[in-house]
Amino acid sequence: MTKQILKAEVESVGGLQLKCSSRGFEFLIDEPENVGGTNQAMNPLEALLCSLGACKMMVARFFYQTHHIQLKTMKVELLGEIDSDRLKGKPNVKVGFSKIITNYTIEADNSQAEIEEFINFIERTCPVKDTIVNSPEMETHLSFHSAS
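The structure displayed is predicted, hence computed values, not measured ones.

(A) A look at the domain arrangement of the chain. Split into domains, the chain comes out as domain 1 (8-41) and domain 2 (43-133). When each unit is reduced to the centre of its C-alpha atoms, the spacing between domain 1 and domain 2 is 23 Å.

(B) Here's a closer look at helix H1 (residues 44-63). Given a rise of 1.5 Å per residue, 20 residues ought to cover 28 Å, and the 29 Å separating the end C-alpha atoms of H1 matches this to within 8%. Among all positions in H1, only Ala47, Leu49, Leu52, Gly53, Cys55, Lys56, Val59 and Ala60 are buried. On the buried face of H1, the contacting elements are strand E3 (25-29), strand E4 (71-81), strand E5 (99-108), helix H2 (112-125) and helix H3 (127-133). Two or three places before Leu45, at the start of H1, stands the capping residue Asn43, its side-chain oxygen 3.0 Å from that residue's backbone nitrogen.

(C) Region of the structure containing the sheet that holds strand E2 (residues 17-22). The strand order across the open sheet formed by three strands is E1-E2-E3, and the pairing between neighbours is antiparallel. The outermost strands of the open sheet, each flanked by one partner alone, are strand E1 (9-14) and E3. Ignoring strand direction, the axes of neighbouring strands in this sheet form an average angle of 25 degrees. Here E2 pairs with E3 via five bridges, running antiparallel. Each residue of the ladder has a partner; that of Lys19, found in E3, is Leu28.

(D) How the structure looks around the pattern of salt bridges. Within the structure shown, the criterion is met by seven salt bridges. Asp85 is paired through a salt bridge with Lys90; the nearest N and O atoms lie 3.8 Å apart. Judged by relative accessible area, Lys90 falls into the partly exposed class, the value being 45%. Three or more residues are tied together by salt bridges with common partners; here these are Glu11, Lys19 and Glu26.

(E) Looking closely at a nonpolar patch on the surface. Together, Leu48, Ile132 and Val133 make up a nonpolar patch on the protein surface, roughly 220 Å² of accessible area in all. Mapped onto the elements, Leu48 comes out in helix H1. For Leu48, a relative accessible area of 32% translates into the label partly exposed.

Thresholds applied
Residues numbered from 1 in each chain as written. Predicted model: local features only at pLDDT ≥ 70, side-chain atom pairs only at ≥ 80, totals over all residues. Heavy atoms only, no water. Domains from an automatic or database assignment. Helix = DSSP H or I, 4+ residues; strand = E, 2+ residues; numbered from the N terminus. Expected span 1.5 Å × (residues − 1). Buried < 20%, exposed > 50% of the residue type's maximum accessible area, 1.4 Å probe, protein only. Contact = heavy atoms within 4.5 Å. Polar contact = N/O pair within 3.5 Å; in protein donor to acceptor, adjacent residues only side chain to side chain. Pairing = 2+ DSSP bridges. Axes fitted to C-alpha atoms, helices over the stretch in contact; angles between N-to-C directions. Salt bridge = Lys/Arg side-chain N within 4 Å of Asp/Glu carboxyl O. Patch = residues over 30% accessible without salt bridge, like charges linked within 9 Å, V, L, I, M, F, W, Y side chains within 5 Å. Areas by Shrake-Rupley, 256 points an atom, 1.4 Å probe, with all protein chains shown as cover.

Below, the structure written as structure tokens:
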């Protein structure tokens, strides 16, 4: 087995805005104004949904031809259900998503059964979904430097 390490860095750029970087690419994360952000970018949970949807689309784009899918158009919509009481500090409320729904819209010259089989393949093959469903081992390390 060949293991590969992917690296991402996140740093504060003021307020609640964060700069996310990997392989020389960057994007911002922010929060809506009603929670103290400037609403200039999506929040981390929205970015997670986008990452999941993008991964499913990439799997589809990589494999549709080998699965003989005559794909014309495809769109993936992700809906994440979250209890906003978590922000109010209520105990026993799940902090993250309690449900994620994927809605596929596909136009293709295939039967519905062929498309359903292809969607099942995408769902089984998506690395981001696998990471969410089968949580990886997590480690936390700290490098602390006193400001004084």
